[in-house]
Amino acid sequence: MARRLISPAAACRVNAGFLGAFSSFHYQSLPSCLSKRSSSVKNCFSYRADSRKQGSRWIRSQPFLSVNNTKFIGKRTSCSVATEPPPAATEEPEMDTPKEIFLKDYKKPDYFFDQVDLQFQLGEEKTIVTSKIVVSPGVEGISAPLVLHGCDLKLLSIKVNGTELKGEEYAVNSRHLTLSTPPAGVFILEIVTEIYPQLNTSLEGLYKSTGNFCTQCEAEGFRKITYFQDRPDVMAKYTCRIEADKTLYPVLLSNGNLIEQGDLEGGKHYALWEDPFKKPSYLFALVAGQLGCREDSFVTCSGRNVTLRIWTPAQDLPKTAHAMYSLKAAMKWDEEVFGLEYDLDLFNIVVVPDFNMGAMENKSLNIFQSRLVLASPETATDGDYAAILGVVGHEYFHNWTGNRVTCRDWFQLTLKEGLTVFRDQEFSSDLGCRTVKRIADVSKLRIYQFPQDAGPMAHPIRPHSYIKMDNFYTVTVYEKGAEVVRMYKTMFGASGFRKGMDLYFQRHDGQAVTCEDFYAAMCDANNAQLPNFLQWYSQAGTPTVKVASSYDPSSQTFSLKLSQEVPPTPGQPAKEPMFIPVAVGLVDSTGQDMPLTSVYSDGILQTLSSDGQPVFTTVLQFKKKEEEFIFKNVPEKPVPSLLRGYSAPVRLDSDLSESDLFFLLANDSDEFNRWEAGQVLARKLMLSLVADFQQQKTLVLNPKFVDGLRSILRNSSLDKEFIAKAITLPGQGEIMDMMAVADPDAVHAVRNFIKKELALQLKDDLLAAVTSNRSSEAYTFNHDSMARRALKNTCLAYLASLDEADVTELALLEYKTATNMTEQFAALAALSQNPGQVRDDALLDFYNQWQDEYLVVSKWFALQATSDIPGNVANVQKLLSHPAFDMRNPNKVYSLIGGFCGSPVNFHAKDGSGYKFLGEVVLQLDKINPQVASRMVSAFSRWRRYDETRQALAKAQLEMIVSANGLSENVYEIASKSLAD
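The structure presented is a predicted model; accordingly, all values stated were derived computationally and were not measured. (Residues numbered from 1 in each chain as written. Predicted model: local features only at pLDDT ≥ 70, side-chain atom pairs only at ≥ 80, totals over all residues. Heavy atoms only, no water.)

Student: An account of the overall build of the protein is needed here, citing residue identities and associated values.
Tutor: Helix and strand counts for the protein stand at 26 helices and 34 strands. Radius of gyration (C-alpha) of the protein: 28 Å, near the 30 Å computed for a compact globule of 981 residues. For the protein, the spread of C-alpha atoms along the principal axes amounts to about 90 × 70 × 60 Å. Out of the 981 residues in the protein, the part that is buried amounts to 63%. Long-range contacts, defined as pairs at least 24 residues apart, comprise 75% of the intrachain contacts of the protein with a sequence gap of at least 6. Roughly 34,800 Å² of accessible area belongs to the protein as shown, and the carbon and sulfur atoms make up 50% of that amount. Taken as two groups, the 102 positive and 116 negative side-chain charges of the protein have centres that lie 1 Å from each other. (Helix = DSSP H or I, 4+ residues; strand = E, 2+ residues; numbered from the N terminus. Rg over C-alpha atoms; globule rule 2.2 N^0.38 Å. Buried < 20%, exposed > 50% of the residue type's maximum accessible area, 1.4 Å probe, protein only. Contact = heavy atoms within 4.5 Å. Areas by Shrake-Rupley, 256 points an atom, 1.4 Å probe, with all protein chains shown as cover. Lys, Arg positive; Asp, Glu negative; His and termini not counted. Charge placed at Lys NZ, Arg CZ, Asp CG, Glu CD.)

Student: Lay out the packing of aromatic side chains in plain terms, naming residues and giving numbers.
Tutor: Aromatic ring pairs are defined here through the distance separating the ring centres and the angle between the ring planes. Considering all chains together, one arrives at 42 aromatic pairs under this definition. Ring centres of tryptophan 410 and tyrosine 473 lie 6.5 Å apart, and the angle between their planes is 55 degrees; this geometry places the pair in the tilted category. Taken together, the residues tryptophan 410 in the loop between β23 (406–407) and α3 (413–430) and tyrosine 473 in the loop between β24 (465–466) and α5 (475–508) connect sequence positions 63 residues apart. Judged by relative accessible area, tryptophan 410 falls into the buried class, the value being 4%. Measuring from ring centre to ring centre gives 5.1 Å for tyrosine 504 and phenylalanine 518, while their planes differ by 85 degrees; the resulting arrangement is edge-to-face. (Phe/Tyr/Trp six-rings, centres within 6.5 Å; stacked < 30°, edge-to-face > 60°.)

Student: Tell me about the environment of glutamate 734, and name the residues and values.
Tutor: Inspection of the secondary structure assignment puts glutamate 734 in helix α12 (residues 732–736). Residue classification places glutamate 734 among the buried residues on the basis of a relative accessible area of 16%. Spatially, the C-alpha atom of glutamate 734 lies 28 Å from that of phenylalanine 427, the residues being 307 residues apart in sequence.

Student: Quick one: what's the story with the UniProt feature "domain: Peptidase M1 alanyl aminopeptidase Ig-like fold" (unreviewed entry) in the protein, residue by residue and with numbers?
Tutor: UniProt's feature table lists "domain: Peptidase M1 alanyl aminopeptidase Ig-like fold" (unreviewed entry) at residues 541–654, given in the numbering used throughout. The span residues 541–654 is 0% helix and 46% strand, and its two end C-alpha atoms sit 19 Å from each other. (UniProt positions renumbered as here; feature names shortened; annotations may be inferred.)

Student: Please provide a residue-by-residue account of unusual backbone geometry, values included.
Tutor: Here the residue pair glutamate 218 and alanine 219 is connected by a cis peptide bond, since its omega of 0 degrees sits within 30 degrees of zero. Here alanine 219 is to be found in the loop between β12 (212–216) and β13 (236–245). Phi at threonine 210 takes a positive value of approximately 45 degrees, unusual for a residue other than glycine. Within the secondary structure layout, threonine 210 lies in the loop between β11 (205–209) and β12. Here the phi dihedral of asparagine 527 falls at roughly 50 degrees; this positive angle occurs in a residue that is not glycine. If you trace the backbone, asparagine 527 turns up in the loop between α6 (515–525) and α7 (535–538). On the basis of relative accessibility, which here comes to 76%, the residue asparagine 527 falls in the exposed class.

Student: Outline the sheet that holds strand β33 (residues 639–642), listing residues and values.
Tutor: Here we have three strands laid out as an open sheet, ordered β31-β28-β33, and antiparallel in their pairing. The sheet terminates laterally at β31 (618–622) and β33, the two strands that pair on one side only. With strand direction ignored, the average angle separating the axes of adjacent strands in the sheet is 35 degrees. Bridge count between strand β28 (residues 580–587) and β31: five bridges; the pairing is antiparallel. (Pairing = 2+ DSSP bridges. Axes fitted to C-alpha atoms, helices over the stretch in contact; angles between N-to-C directions.)

Student: I'd love a proper account of the sheet that holds strand β26 (residues 544–552), names of residues and values included.
Tutor: Taken in spatial order, the six strands line up as β30-β29-β32-β27-β26-β34 in an open sheet, and their pairing is mixed. Where the open sheet ends on each side, the last strands, each with one partner, are β30 (604–607) and β34 (651–654). Across this sheet, the average inter-strand angle for adjacent strands is 25 degrees, counted without regard to direction. Two strands pair when backbone bridges link them, and strand β29 (residues 598–601) and β30 are joined in this way by four bridges, in the antiparallel orientation. Across the sheet, the residue bridging to valine 599 is glutamine 606, located in β30.

Student: Pulling in residues and values, what's your account of the environment of alanine 726?
Tutor: Summarising the element assignment, alanine 726 is placed in helix α11 (residues 720–726). Residue alanine 726 is classed as buried on the basis of its relative accessible area of 9%. Separated by 404 residues in sequence, alanine 726 and histidine 322 place their C-alpha atoms 29 Å apart. Once residues within four sequence positions are removed from consideration, alanine 726 is found in contact with Trp675, Leu709 and Ile712.

Student: Give a description of helix α13 (residues 744–761) that names residues and reports values.
Tutor: Over its 18 residues, α13 runs 26 Å from end to end, which matches the ideal 26 Å to within 8%, given 1.5 Å per residue. Buried within α13 we find Pro744, Ala746, Val747, His748, Val750, Arg751, Phe753, Ile754, Lys755, Leu758 and Ala759. (Expected span 1.5 Å × (residues − 1).)

Student: Break down the pairing of strand β32 (residues 626–631) for me, citing the residues and quoting the values.
Tutor: Sheet topology places strand β27 (residues 557–565) next to β32; six bridges connect them, and they run antiparallel. Each bridged residue has a counterpart across the sheet, and for lysine 561 the counterpart in β32 is glutamate 628. Looking at chain direction, β29 and β32 are connected through two bridges and run antiparallel. Across the sheet, residue valine 599 finds its bridge partner in β32, namely phenylalanine 631.

Student: Can you lay out the pattern of salt bridges for me, pointing to particular residues and giving the numbers?
Tutor: Per the counting criterion, the structure on display carries 65 salt bridges. Between aspartate 947 and arginine 950 there is a salt bridge, with the nearest N and O atoms lying 2.6 Å from each other. Of the residues examined, arginine 950 reaches a relative accessible area of 1% and is grouped as buried. In this structure, a network of salt bridges that share partners links the residues Glu426, Asp430, Arg434, Arg486 and Lys489. (Salt bridge = Lys/Arg side-chain N within 4 Å of Asp/Glu carboxyl O.)

This is the structure in structure tokens:
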């Protein structure tokens, strides 16, 4: 379900400053060959606001617990699906006992579907879906029951080879339709179902969003449309005929190519679509509604002219230019870097306000959440622009890594998602600043994935089991999965990685495959073996690598003794050693890299050279519990630069001294490790001060740390965004994660103390940075401009923490004179740090200015929700009743409720008010959208990390949730595993 959104509930583990949520990725000007071709905007159809009555979600076993139904009728801030009571004929399904599904139990399907013809008759009260499927046996001569998945469906008829089946010839329950004795050989199965998209608040299957029909079928949404073998290893060619009222739904879209369209009686019309490529059901898509389009074109490397269209409500069309630019950039990049060309004549993107994930890669018909397409300088930040670039690229890249080659089963999800995240990271890096992008990606991994690896929901990048697959679209599967893919490139180099990719497509195009198939292609293409590398796919937990170094001046050798430990995780108490590539350089006393000539390990002396040129970084293959690597011909004691570029997703525990770290901060040629040295120093400093705070000692800031940051601020040779990241302190969650017992109050107090002390002691430098990085030029989204804004905004946030009159005036000036959302919102965030009238007035002014822009309003919600102001839970509870908030819109929920979980000091309030608030909201959400509710409940997952008082309060909420009547499987799985010993 391509590019996932980081669950905001996970943000309870981090607070690196609110601006971190809007930090940017980077790109530079693209080659002139990517300039727009025949670009046009088609205001094809007028937009009709939907003001249908809001009601309760009928498929749940308890009444909907409404938070607030007040809305701006017709306003852009109202963007939820409509709900109302069901037709009387519909039966309420019973809740089944949750069933765990295991990778070890996988078996091939007994039947394959060769051709699927779908017909949709879209209506205001109900939709009729007719499927005609060509079924063939998996093994000739073997007869088995045909079991089809189905959920929330009303079966109208079922035929086999044109003959309607009698009741005793099939069985239906709340999950399946079973034909006990289907015909031998190939046969035609026809099924007619009735569904109610206007009632579907789960946003899975076919549903309505602001009056338009749209679908979301990954992972198991297609079974909410019709009875089907809803699994990724059943691949078929599809046609889709859509019939609907022409006035209400003038645009009818599905996968593939438009074959035929025309008018029907009664003011209706139809469109027939055909996808020539086999695909699993999760890639099916349908959209119907009032939409306009931006049209452009792209000529592929073989000369194919591809029409590109982005569909959105007409008033938002001007905000789609950057998304179109990103799409064309991605198409060109994939051709140049991987030799992968688009394979159809049409590529559509559709924008919807209500969407559970970030975006979806449906073949030729991508569907996106609004904030990942719509952008203008006035309403979107640099971070929004960067996210659009990366996610548009991600979904497009899935055309090959996910669509042409897909997963055999859902346990293999990282095969498509980890690989495609890696590809979108490389894309954004190539179009911008590689070092800063790498820092951002590693920060995300540490902030979100490391805690998951250390909690009750820890799982390998290929999970062993699940109750609801939706719960395993995780940072582990995606971000850690991308790091595993990156290790192949680290070992084989760019050319070797490309050879492996080429072989992978050559072997498996049009197939549903496994992680082992990707591993085999990489190894076979490079005539290599990576012993125990597959442990990354089967073992959970973050390895810790310890490094002890020693220098022998008499033999001029430098030794690195490495040891590794993978901590126990649920269901995996004992772990095997991992294959860990450790990129290493040695830095001499002048700050220069030493040439590396040879390294001795495991009885083998390896000579290091690259086409006769000296080597300054080498990759050590660390495969055992303990290994020693000895570098020869080292003329002086070096400072080792370890894990360069973050060559493996591990925790590093080295014997580098404080002076070594300051030396690397000033001199390391590897810019990632230069940043990392500063982060290690900051983490050690913060932990030391936390201990002092807990012992009620006076806090004193190490002057060497202040001097180190001052030297970075004044270094004009450094990239400005690198400076911004280098002077940013680690988040509260990162520090709590390093404590035996997490103490949010102490960490919050210490981080605030350091921030204010740095602002005080570096005030002149910070003011100079704000002043010198102002610009009156029109907004441009390129690396230099983004870096300038990032540094200015980071410095302004530091200064505002002082809560001094002159700084407040400065922040107000920046807010009032800003000409783009990046700078206006940064100034608002700076002003919002301190409670008082200035803050209140600024927040009200911002809302009044942007109340008709629902994506900007979501930022406004998030800024207030993440605030560390004492007792903020009361303000968040009030905002639940704000007319612009809608519990049925995932983006609003992520912003307000998920955002609140991003303030450790308030979510983990000692009185339990934060826990009580979230517990109540989770149960309300579960009646509306179980996927979103399960992401929110994950904020409780590491409750055992805190003191006994907090543990008792959090546990009580989890027990209350688990005992609730009619709880969804999604929430049950997260909550029950969080409670398990």
